[in-house]
Amino acid sequence: MSDKLHKLGFLAGKLFAKTVNEVKPIDTNKETTKNNSESTLSPEEKIKKVVELLDSKNTSQNIEDLLNRFEYESNEIIFKRGEYFNSSTNEKVDGINNDLVNELGIKEINNHLHFIYKEKSLQILMVNETSGSNLEGDRYERHELIVIYNSICVLTLSVNKEFGTFADTYRVGNLYSLKSFKNGSWLDDLDYLIKSFKEHEHNLAILNRDEQKRKLADKLDLNPLD
């Protein structure tokens, strides 16, 4: 009996050792290398990399598209437009906690777009408007633009309004005007939102065109009168 127990113990030991050898250790080298690489960048290099990343993702164009859209319809996205907010008269902002409002220095919210999709939340805010006229008499209007992804501020920079004859247009300021940035999947989500809205518009246009054809066909009679 003792020989059998000894043999079983020996086999169990070998099995445990094999199992331990097969378990892959947590790879911290990759994260450490990433942090070390980032810490070795000069401020100029880090800013340049962020600007290049934003540019490669068409971030400015995508945000401008969302700010200047007239329709936000999609079967995959819930869209909400927030109310005007002024910190001296309003108690809270829908979708943003007061701590974040205070942290970001939001005095007023002039435009608030809120997109809910794939169990995610992305908000684009235009805040703290400054407006007036320059020496030439031309009007100007500027805002601080804030992007909040899943309750975390991921981007702040400036946005300007261009006054037009028929419609005004918002333009995202030069990427070198950015004040903060956090990398993440939200950059690609901007593109997803736009594609989803455009796909819905395309499908709706097809339905409308088919409906117009049907109505016209109902008024056409190929049977001879006599």
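A.B. asks: With reference to specific residues and values, describe the environment of Ser56.
C.D. replies: Counting through the fold element by element, Ser56 comes out in helix H3 (residues 43-56). Residues Ser56 and Leu187, 131 residues apart in the sequence, show an inter-C-alpha distance of 10.0 Å. There is a polar contact of 2.7 Å between the side chain of Ser56 and the backbone oxygen of Leu53.

A.B. asks: An account of helix H4 (residues 59-68) is needed here, citing residue identities and associated values.
C.D. replies: Of all the 10 residues making up H4, seven are buried; the element is thus mostly covered by neighbouring parts of the structure. Looking at H4, one finds that the buried residues are Thr59, Ser60, Asn62, Ile63, Glu64, Leu66 and Leu67.

A.B. asks: So, the environment of His200: which residues are in play, and what are the values?
C.D. replies: Following the sequence through the fold, His200 ends up in helix H6 (residues 186-218). A residue is classified by how much of its surface remains accessible, and His200, at 18% relative accessible area, is buried. Each C-alpha atom of the pair His200 and Glu76 lies 9.5 Å from the other, and the pair is 124 residues apart in sequence. Among all residues touching His200, those that are not within four sequence positions of it are Glu73, Ser74 and Asn75.

A.B. asks: Give me the layout of surface pockets: which residues, what numbers.
C.D. replies: Where empty space is left in the structure can be found by rolling a water-sized probe over the atoms. As a volume, the second largest pocket reaches approximately 190 Å³. Taken together, Leu67, Asn68, Arg69, Phe70, Tyr72, Arg81, Asn111, Lys161, Ala167, Asp168, Thr169 and Tyr170 form the lining of the second largest pocket. When residues of the lining of the second largest pocket are traced back to their parent elements, those giving at least two are H4 and strand S7 (169-172). Among the residues making up the lining of the second largest pocket, the classes are represented as five nonpolar, three polar and four charged.

A.B. asks: Quick rundown of the environment of Ile96? Include the residues and the values.
C.D. replies: Examined against the element boundaries, Ile96 turns out to sit in the loop between strand S2 (85-86) and helix H5 (98-103). In this view, Ile96 contacts Val101, His112, Gln123, Leu125 and Ile148; residues no more than four positions away in its chain are not counted.

A.B. asks: How would you explain the confidence of the model for the protein chain if you had to name every residue and give the values?
C.D. replies: Regions with low pLDDT should not have their predicted coordinates read in detail. Of the residues in the protein chain, 83% have a pLDDT of 70 or more, and the chain-wide mean is 84. H4 holds the highest mean pLDDT among the elements of the protein chain, 96, whereas helix H1 (residues 2-22) holds the lowest, 44. For the stretch residues 4-26, pLDDT sits under 50, and the model shows zero contacts to residues farther than four places along the chain or on other chains.

A.B. asks: Lay out the pattern of salt bridges in plain terms, naming residues and giving numbers.
C.D. replies: Across all of its chains, the model carries 11 salt bridges by this definition. A salt bridge links Asp188 to Lys57, with the shortest nitrogen-to-oxygen separation between them at 3.0 Å. Of this pair, Asp188 sits in helix H6 while Lys57 sits in the loop between H3 and H4, and the two are 131 residues apart along the sequence. For Asp188, a relative accessible area of 42% corresponds to the partly exposed category. You can call Lys57 partly exposed: its relative accessible area is 29%. Here Arg214 makes a salt bridge to Glu211, at a shortest N to O gap of 2.6 Å. Remark: Glu211 and Arg214 occur in helix H6; sequence separation between them is three residues, near one turn of the helix.

Reading the values: the criteria
- Residues numbered from 1 in each chain as written.
- Predicted model: local features only at pLDDT ≥ 70, side-chain atom pairs only at ≥ 80, totals over all residues.
- Heavy atoms only, no water.
- Helix = DSSP H or I, 4+ residues; strand = E, 2+ residues; numbered from the N terminus.
- Polar contact = N/O pair within 3.5 Å; in protein donor to acceptor, adjacent residues only side chain to side chain.
- Buried < 20%, exposed > 50% of the residue type's maximum accessible area, 1.4 Å probe, protein only.
- Contact = heavy atoms within 4.5 Å.
- 1 Å grid on protein atoms, 1.4 Å probe; cavity = no way out; pocket = protein on both sides within 12 Å on 5 of 7 lines; lining within 4 Å.
- Points joined across faces, edges and corners; volume = space filled by probe spheres on them.
- Nonpolar A, V, L, I, M, F, W, Y, C, P; charged D, E, K, R; others polar.
- pLDDT = per-residue confidence, 0-100.
- Salt bridge = Lys/Arg side-chain N within 4 Å of Asp/Glu carboxyl O.

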